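Structure at a glance
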Amino acid sequence: MSHETVGSLLAIIANSLNDGLRIMMFADKRAWGPDEFEQLRLLEETLDEAKKDFQELPALVNGRFYYENDRTNESLEDLRIICTRTELHAQTFKDWVRSGGGPIDGNLARETLALRRELHRAQCRAARRVHVAQQMATAAAPPRCLGALQVQRLYQQRGPVSVDEERLACAQAGRFERFGETDIAFVCDFCDGFLLWSDLRAMPTTRLRRTQQQQPSRVDNDIEPPSATSTTPATAPEYLDSSNKSSSHISSSNIGSSGGGGNSGDEDNGGTPSWEAHGIAMTSGEGKTIVFAPIAVANHLPPDAGEWRSRVLCPYCDEYYYEEQGDDDMERVRYAQDDGGFDGVRTFQEHLEWSHTSMVPRTSSCSVM
């Protein structure tokens, strides 16, 4: 209908969730078990997250006016579907109370979790469509992913980036999940693009750091250089366990440590931020060097039409971006690098190893002449 907007549909969804929550809060709890209290908790968290998204996402698109009054057909259709599902969900709780409030169906908890996830993604996609429309009207270059800009914005500020800041930004941008039998993928909630790390048992949560001794300033034939698999991290590497195939979702809140393509407190002694993390191959169990996940997340592009993989820009190349005069952080950023980027994490890592060799520990005992 013509009078519908993103804001009006979100209000209907919030009212339906609130109805279900009120029913559970005022129900007779004397015969409740763990399932009923868990359902109450899930409804509270779903409503809180929806409110949080509604408060924070408009700031990314120059204010609530543009977000609430957006009438993009795709956004409205997404929210209409969720409207119907939340209304039916609330009606289920009414029927449950009328029937006596016996043991609650466990499927309701799963439906609440699914609604929470879909509502978050729908709000992210709605904000992304507003952002794309604004960028297409003001910028000549293709618009960047709004989720990547959230993470990238951390590295444009002065001073080191804290672990908690980076973890929160990655969690807000998307999620990590098992992809197939051996791979791990990051799925962006804003652009629906995939970043793929192949043959990886678990996603590392810390980047590698190299000591001054591991960065020789000259070639010495008498010194055995360290291998890539023996590079010593500042602390013991932590891993996000993905070997359990029964769990396909990996919480982004576990991805952390300073990383990315800008100001970072985690720099090696040469002053160049390290892009490496130490992972373990799923197939062989051997150590391997991978691109630290937040770096790829902060620099990914929306997939091309008909594609599902996101391309990645290199943050270490000269003149990656520069800033112009303006009031908004996003408006000041202008990009000078080729808009194409690399077609995935694998080719991005090959570029880093080839073009930014000062950041890579030597893996062979042969001297470079």
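Fair warning: this is a prediction, and the values are worked out from it, not measured in the lab.

The topology assignment puts threonine 347 in helix 10 (residues 345–355). For the pair threonine 347 and valine 312, spaced 35 residues apart in sequence, the C-alpha separation works out to 9.0 Å. Polar side-chain contacts of threonine 347 include one of 3.2 Å to the backbone oxygen of glycine 344.

Attention now moves to the side chain of histidine 120. Relative to the helices and strands, histidine 120 is located in helix 5 (residues 106–138). Separated by 3.2 Å, the side chains of histidine 120 and aspartate 189 make a polar contact. Once you skip the residues sitting within four places of it in the chain, histidine 120 turns out to touch Glu49, Asp53, Gln172 and Asp189.

Over its 33 residues, helix 5 runs 49 Å from end to end, which matches the ideal 48 Å to within 8%, given 1.5 Å per residue. Capping of helix 5 at its N-terminal end is provided by aspartate 105; its side-chain oxygen lies 3.0 Å from the backbone amide nitrogen of asparagine 107.

Let us now look at the pattern of salt bridges. Taken as a whole and assessed by the stated rule, the structure comprises 22 salt bridges. Glutamate 38 is the partner of arginine 41 in a salt bridge, and the nearest nitrogen-oxygen pair spans 2.4 Å. Here glutamate 38 and arginine 41 lie together in helix 2 (residues 34–56), a separation of 3 residues that amounts to about one turn. The partly exposed category is assigned to arginine 41, whose relative accessible area is 34%.

The next point concerns the environment of proline 103. Here proline 103 shows up in the loop between helix 4 (73–98) and helix 5. Relative accessible area serves as the criterion here: at 79%, proline 103 is assigned to the exposed category. Expressed as a C-alpha distance, the spacing of proline 103 and alanine 31, which sit 72 residues apart in the sequence, is 8.5 Å.

Moving on to the confidence of the model for the protein chain. On average, residues of the protein chain score 77 in pLDDT, and 71% of them are at 70 or above. At the low end of the mean pLDDT range in the protein chain sits strand 5 (residues 239–241), at 45; at the high end sits helix 1 (residues 6–25), at 96. Per-residue pLDDT stays below 50 along residues 211–260; that stretch engages in 130 contacts with residues further than four places along the chain or on separate chains. Predicted confidence for residues 359–369 stays below pLDDT 50, and this span has 31 contacts to residues more than four positions away or in other chains.

In this section: the nonpolar core. In this structure, Trp197 and Val291 are the most contacted members of the largest nonpolar core, which totals 69 residues. Residues in contact with valine 291, not counting those within four places in the same chain, are Trp197, Trp275, Ala296, Val345, Phe348, Gln349 and Leu352.

A few words on helix 2. Counted at 1.5 Å a residue, the expected span for helix 2 with its 23 residues is 33 Å, and the 33 Å between its end C-alpha atoms agrees. Looking only at helix 2, the buried set comprises Glu36, Gln39, Leu40, Leu42, Leu43, Thr46, Leu47, Ala50 and Asp53. Residues of helix 2 that are buried sit in contact with helix 1, helix 4 and helix 5.

Next up on the list: the packing of aromatic side chains. As enumerated under the stated definition, the model contains 10 aromatic pairs in all. Aromatic pair phenylalanine 194 and tryptophan 308: ring centres 5.5 Å apart, planes at 80°, arrangement edge-to-face. Residue phenylalanine 194 is located in strand 3 (residues 194–197), and its partner tryptophan 308 is located in the loop between helix 8 (293–298) and strand 9 (321–323); the two are separated by 114 residues in the primary sequence. When its relative accessible area of 19% is taken as the criterion, phenylalanine 194 is described as buried.

Unlike most non-glycine residues, asparagine 62 shows phi in positive territory, near 70°. Note on placement: asparagine 62 falls in the loop between helix 2 and helix 3 (64–68). When its relative accessible area of 34% is taken as the criterion, asparagine 62 is described as partly exposed. You will see that aspartate 192, though not glycine, has its phi angle at about 60°, which is positive. By secondary structure assignment, the location of aspartate 192 is in the loop between strand 2 (183–188) and strand 3. On the basis of relative accessible area, aspartate 192 is assigned to the partly exposed category, the value being 27%.

The rules we used
Residues numbered from 1 in each chain as written. Predicted model: local features only at pLDDT ≥ 70, side-chain atom pairs only at ≥ 80, totals over all residues. Heavy atoms only, no water. Helix = DSSP H or I, 4+ residues; strand = E, 2+ residues; numbered from the N terminus. Polar contact = N/O pair within 3.5 Å; in protein donor to acceptor, adjacent residues only side chain to side chain. Contact = heavy atoms within 4.5 Å. Expected span 1.5 Å × (residues − 1). Salt bridge = Lys/Arg side-chain N within 4 Å of Asp/Glu carboxyl O. Buried < 20%, exposed > 50% of the residue type's maximum accessible area, 1.4 Å probe, protein only. pLDDT = per-residue confidence, 0-100. Core = buried A, V, L, I, M, F, W, Y, C linked by side-chain atoms within 4.5 Å. Phe/Tyr/Trp six-rings, centres within 6.5 Å; stacked < 30°, edge-to-face > 60°.

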